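Chain and residue survey
Given next are the chains, with one letter for each unit.
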Amino acid sequence: LLSSKIHGSDVLDRLPTEQDRILYNLCNKERLIELVNKYLVFDAGDKKIARYQQYFAVKSTLKRISKLNKSGTRKGGVIWHTQGSGKSLTMVMLSKSIRLSKEIKNPRIVIVTDRISLDKQIHKTFHQCGIQSLAKAKSGSHLAELISNSGTEVITTVTDKFDTALKKSSFINESENIFVLVDESHRSIYNTYKEVLDYFSTITIGLTATPTDVIDHNTFKIFNCEDGLPSFAYTYEEAVNN
């Protein structure tokens, strides 16, 4: 029950409304500090804060990847977000949270897409959001250099550059904490990403609006969801309702 005083007299007690609950949860001290620290970005000068599906997607994914298996590896996962849900900014916020995590030492992030236009868009988004140690792979050889050199924290690339990079003797991945975020990880590009997924099999995270669970194209198994569940689901029904 809520109560307040107006001009010295008590107002009748009332049940909290949904708006009351939202404001209470949003202004909780711990959550407010967390939002400012991890979920606030400046995109080309515009201040943006996570919407609820972005906040819970990052929280759920970070919880999943922070734990080590008995073999000392980390779980992969799938973020199931509908079109227009802000996947690019979700990746920025997830990358920021990974880099701020105390459980993950010296993390590095590789953002993989299947189209040059997407690569340019995502690189631009990361750049405009103030990610400093950022590079876009210009070729397969350049990608091999970037991954082998720990100086770059965030790398963006298109998948076909891996064809060349994987053949390079200099393509060495000694880091246990390279996280590969695969955008548009739907069924039409599973064969294209096969080598990428095999190379970074323990900590790949797919983002897609159209996951599938058929035998030969099971999105969740491909991204190492042993339990068969996505890291976070924001479904069509939720998108329509909101």
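Look up: the structure comes first, before these words.
Structure report, in brief. Just so it is clear, the structure is predicted and the values come from calculations on it, not from any experiment.

So, the overall build of the protein
- Counting its regular elements, the protein contains ten helices and 13 strands.
- Put simply, the protein has 242 residues, and 45% of those count as buried.
- Within the protein, counting contacts between residues at least 6 apart in sequence, those at least 24 apart form 66% of the total.

Here we look at the pairing of strand S6 (residues 108-113)
- Within S6, six of the six residues are buried, which leaves it mostly tucked inside the rest of the structure.
- Burial of S6 is two-sided: the residues Arg108, Val110 and Val112 facing one way and the residues Ile109, Ile111 and Thr113 facing the other way are all buried.
- Of the pairings in the sheet, the one linking S6 to strand S9 (residues 178-183) comprises five bridges and is parallel in character. Residue pairing in the sheet places Val112 in a bridge with Val182 of S9.

Points about the packing of helix H3 (residues 52-66) against helix H4 (residues 87-100)
- At their nearest, the axes of H3 and H4 sit 10 Å apart, and the two run at 40° to each other. One finds that H3 runs oblique with respect to H4. At the point where H3 passes H4, the crossing takes the right-handed sense. Contacts between H3 and H4 involve Gln54, Ala57, Val58, Thr61, Leu62 and Ile65 on the former and, on the latter, Leu89, Thr90, Met93, Leu94, Ser97 and Ile98.
- A per-class count over the contact of H3 with H4 returns eight nonpolar, four polar and no charged.

Observations concerning the environment of Phe179
- By the element assignment, Phe179 lies in strand S9.
- Residue classification places Phe179 among the buried residues on the basis of a relative accessible area of 0%.
- For the pair Phe179 and Arg108, spaced 71 residues apart in the sequence, the C-alpha separation amounts to 6.1 Å.
- Not counting the four nearest positions on each side in its chain, Phe179 is found in contact with Ile65, Arg74, Ile98, Ile104, Pro107, Arg108, Ile109, Val110 and Ile203.

Regarding the pairing of strand S10 (residues 204-208)
- In terms of burial, S10 is a largely internal element, five of the five residues being buried.
- Two elements, strand S5 (residues 77-81) and S10, share four bridges in a ladder whose sense is parallel. The partner of Trp80 across the bridge, within S10, is Thr208.
- For S9 and S10, the ladder comprises four bridges, and the chain directions are parallel. When the sheet's bridge partners are listed, Val180 is paired in S10 with Thr204.

Concerning the layout of surface pockets
- Its boundaries defined by the atoms lining it, the largest pocket holds a volume of some 280 Å³.
- If you go around the largest pocket, the residues you meet are Arg21, Ile22, Asn25, Leu26, Arg31, Leu35, Ile49, Ala50, Arg51, Tyr52, Tyr55 and Phe56.
- Ranked by residue count, the leading element in the lining of the largest pocket is helix H1 (residues 18-26), at four residues.

Cut-offs applied
Residues numbered from 1 in each chain as written. Predicted model: local features only at pLDDT ≥ 70, side-chain atom pairs only at ≥ 80, totals over all residues. Heavy atoms only, no water. Helix = DSSP H or I, 4+ residues; strand = E, 2+ residues; numbered from the N terminus. Buried < 20%, exposed > 50% of the residue type's maximum accessible area, 1.4 Å probe, protein only. Contact = heavy atoms within 4.5 Å. Pairing = 2+ DSSP bridges. Axes fitted to C-alpha atoms, helices over the stretch in contact; angles between N-to-C directions. Parallel < 35°, antiparallel > 145°, perpendicular 65-115°, else oblique. Left-handed = near helix turned anticlockwise from the far one by under 90°. Nonpolar A, V, L, I, M, F, W, Y, C, P; charged D, E, K, R; others polar. 1 Å grid on protein atoms, 1.4 Å probe; cavity = no way out; pocket = protein on both sides within 12 Å on 5 of 7 lines; lining within 4 Å. Points joined across faces, edges and corners; volume = space filled by probe spheres on them.

Geometry only, nothing functional implied.
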